[in-house]
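# Close look at the chain arrangement
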Amino acid sequence: MKCGEIIEYLKRFGAEDLIGVVVVDVENRLHYRIGSYQLIDETPAMVLEVTDIGPMDEVVEESEERE
């Protein structure tokens, strides 16, 4: 992915909108919860700290219940 693609995508949202990150292992149906992140100054990259691993199906069910 190139920086320009992310910039164009983010232009659709407001500057104060929160960004969500979803990390899944589709093959094993696992969902990884993100505890914290760090932006890297030297290169366009982000480090995500995984704090919990759980069944992906639970996350899908929770999302459907909120709708």
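Figured I'd write up the structure that's included with this text. (Residues numbered from 1 in each chain as written. Predicted model: local features only at pLDDT ≥ 70, side-chain atom pairs only at ≥ 80, totals over all residues. Heavy atoms only, no water.)

### Quick word on the sheet that holds strand 3 (residues 45-55)
The criterion, for reference: Two strands form a pair only when DSSP identifies at least two bridges running between them. To qualify as a helix, a DSSP run of H or I must reach at least 4 residues; to qualify as a strand, a run of E must reach at least 2; elements of each kind are numbered from the N terminus. Axis lines are fitted through C-alpha atoms, for helices just across the contact stretch, and the angle between N-to-C directions can take any value from 0 to 180 degrees.
Here we have three strands laid out as an open sheet, ordered 1-2-3, and antiparallel in their pairing. Lying at the two open borders of the sheet, with one neighbouring strand each, are strand 1 (23-25) and strand 3. Within the sheet, the average angular offset between the axes of one strand and its neighbour, ignoring direction, is 30°. In this structure, strand 1 lies alongside strand 2 (residues 30-40), joined through three bridges in antiparallel fashion.

### Section: the pairing of strand 3
Bridge analysis of strand 2 against strand 3 gives ten bridges, and the strand direction is antiparallel. Among the inter-strand pairings, Ile34 is bridged to a residue of strand 3, identified as Val50. Two successive antiparallel strands, strand 2 and strand 3, enclose a turn made up of four residues.

### Some words on unusual backbone geometry
Unlike most non-glycine residues, Arg29 shows phi in positive territory, near 55°. As for its placement among the helices and strands, Arg29 is situated in the loop between strand 1 and strand 2.

### Focus on the layout of surface pockets
Inclusion rule: Here a cavity means grid points, on a 1 Å grid over the protein atoms only, where a 1.4 Å probe fits yet cannot get out; a pocket means an open set of points with protein on both sides within 12 Å along at least five of seven lines; lining residues are those with an atom within 4 Å of a point. Grid points are joined across faces, edges and corners, and a volume is the space filled by probe spheres set on the points. Polar here means any residue other than Ala, Val, Leu, Ile, Met, Phe, Trp, Tyr, Cys and Pro, which are nonpolar, and Asp, Glu, Lys and Arg, which are charged; Gly is therefore polar.
Looking at the largest pocket, its volume works out to about 710 Å³. Considering the residues around the largest pocket, the lining is formed by 22 residues, among which Ile6, Tyr9, Leu10, Ile19 and Met46 are closest to the centre. Mapped onto the lining of the largest pocket, the elements with two or more residues apiece are helix 1 (3-10), strand 2 and strand 3. Broken down by element, the lining of the largest pocket gets its largest block of residues, five residues, from helix 1. Within the lining of the largest pocket, the residues separate by chemical class into 16 nonpolar, three polar and three charged. Approximately 380 Å³ is the volume found for the second largest pocket. Around the second largest pocket, the lining is made up of 17 residues, and of these Ile19, Val21, Val22, Ile34 and Leu48 lie nearest the centre. Those elements that place two or more of their residues in the lining of the second largest pocket are strand 2, strand 3 and helix 2 (56-66). Among the elements that take part in the lining of the second largest pocket, strand 2 stands out by supplying seven residues, more than any other. Of the residues in the lining of the second largest pocket, the class split is ten nonpolar, three polar and four charged.

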